[in-house]
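A structural walkthrough
What follows is the residue order along each chain.
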Amino acid sequence: MDKYISQAVIRRMPRYYRYLGELLESGVERISSGDLSKLMKVTASQIRQDLNNFGGFGQQGYGYNVQYLYEEIGKILGLTQTHNIIIVGAGNLGLAIANYMKFDKLGFKLVALFDVNPELIGQKIRGVEIRPIEELDDFCKNNAVDIAALTLPKADADSVAHQVVKLGVKAIWNFAHVDLDVATEGVVIENVHLSDSLMQLSYNIAKNSIED
């Protein structure tokens, strides 16, 4: 039986990967959990506990080999393989996501965008064509699509989510303002609410104002 890893730990792994990548770019070859904790503002104990879920990777008195740990976390996150992504909804948010250059470096390949607006059809974003939504079924049937990013109105999100799942898409990156729950085994959904993050920021502003 696979060991259970909490979602809290999983959500911290991309942050480790990002910081380790920055250390590599700076020429750092080795780092202790203590120095990494100062950099990331996470306790050294938390770092060791998180990494021990996957085998530890460090040596007493030596610390972590940055290159090795970076590569191992990349494997844990599934970044050693290419994931094909489609974006359904080529509005401002969809285009912003499509233009995020770092996806390619992480192994995420944008293969198509879809929209209902006839004025957008045929336009290309970084060489990838915006297609009419009517072509979604045929495209997914004829191409390997791993992830569907939904950047469309709340009213349409649920039906499109069920549509892409029936077409074999195994993961949904949902930016629509609704929590999707597609009850199909093996399908992963990540609901992203930008407004939630903004409200947390608002709370902290208010909290700091009271404390001052």
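Quick look at the structure, then. (Residues numbered from 1 in each chain as written. Predicted model: local features only at pLDDT ≥ 70, side-chain atom pairs only at ≥ 80, totals over all residues. Heavy atoms only, no water.)

Quick look at the pairing of strand β4 (residues 108–115) now. Note that strand β3 (residues 83–88) and β4 share 6 bridges and pair parallel. Looking across to β4, one finds that asparagine 84 is bridged to lysine 109. Bridge count between β4 and strand β6 (residues 128–132): 3 bridges; the pairing is parallel. Bridged to leucine 113 within β6 is isoleucine 130. (Pairing = 2+ DSSP bridges. Helix = DSSP H or I, 4+ residues; strand = E, 2+ residues; numbered from the N terminus.)

Turning next to the pattern of salt bridges. For side chains bearing opposite charge, pairing can occur when the charged atoms are close. The final tally for this structure, using the stated rule, is 5 salt bridges. Measuring nitrogen to oxygen at the nearest pair gives 3.1 Å for the salt bridge that ties arginine 11 to glutamate 190. Here arginine 11, found in helix α1 (residues 7–25), pairs with glutamate 190, found in strand β9 (residues 188–191); they are 179 residues apart in sequence, far enough to count as distant. What makes glutamate 190 partly exposed here is its relative accessible area of 31%. Between glutamate 72 and lysine 75 there is a salt bridge whose closest N-O contact spans 3.2 Å. (Salt bridge = Lys/Arg side-chain N within 4 Å of Asp/Glu carboxyl O. Buried < 20%, exposed > 50% of the residue type's maximum accessible area, 1.4 Å probe, protein only.)

Taken together, the 7 strands give an open sheet; going across it, the order is β5-β6-β4-β3-β7-β8-β9, and neighbouring strands pair in mixed fashion. Pairing within the sheet leaves two strands with one partner each, and these edge strands are β5 (124–125) and β9. Here β5 pairs with β6 via 2 bridges, running antiparallel. Bridge pairing links isoleucine 125 to valine 128 in β6.

The next point concerns the packing of aromatic side chains. By the definition in use, this model includes 7 aromatic pairs. For the pair phenylalanine 57 and tyrosine 68, a centre-to-centre distance of 6.2 Å together with 65° between the ring planes defines the contact as edge-to-face. With phenylalanine 57 in the loop between α3 (44–52) and β2 (64–65) and tyrosine 68 in helix α4 (residues 66–76), this residue pair connects regions lying 11 residues apart in the sequence. Of the residues examined, phenylalanine 57 reaches a relative accessible area of 18% and is grouped as buried. On the basis of an interplanar angle of 70° and a centroid distance of 6.5 Å, the ring pair of phenylalanine 103 and phenylalanine 108 is categorised as edge-to-face. An aromatic cluster of three or more residues is present, and its members are Tyr100, Phe103, Phe108, Trp173 and Phe175. (Phe/Tyr/Trp six-rings, centres within 6.5 Å; stacked < 30°, edge-to-face > 60°.)

Looking along a regular strand, one sees the side chains alternate between the two faces of the sheet. Across the two faces of strand β7 (residues 147–150) the burial is the same, with Ile147 and Ala149 and Ala148 and Leu150 all buried. Sheet topology places β3 next to β7; 4 bridges connect them, and they run parallel. Residue pairing across strands places isoleucine 85 opposite isoleucine 147, the latter belonging to β7. Judged from the 4 bridges that link them, β7 and strand β8 (residues 171–174) form a sheet pairing that is parallel. Note that in β8 the partner of alanine 149 across the bridge is tryptophan 173. The parallel pair β7 and β8, bridged by helix α8 (residues 154–166), forms a crossover whose chirality is right-handed. (Right-handed = clockwise from strand over helix to strand, strands pointing away.)

These values are about where atoms sit, not about what they do.
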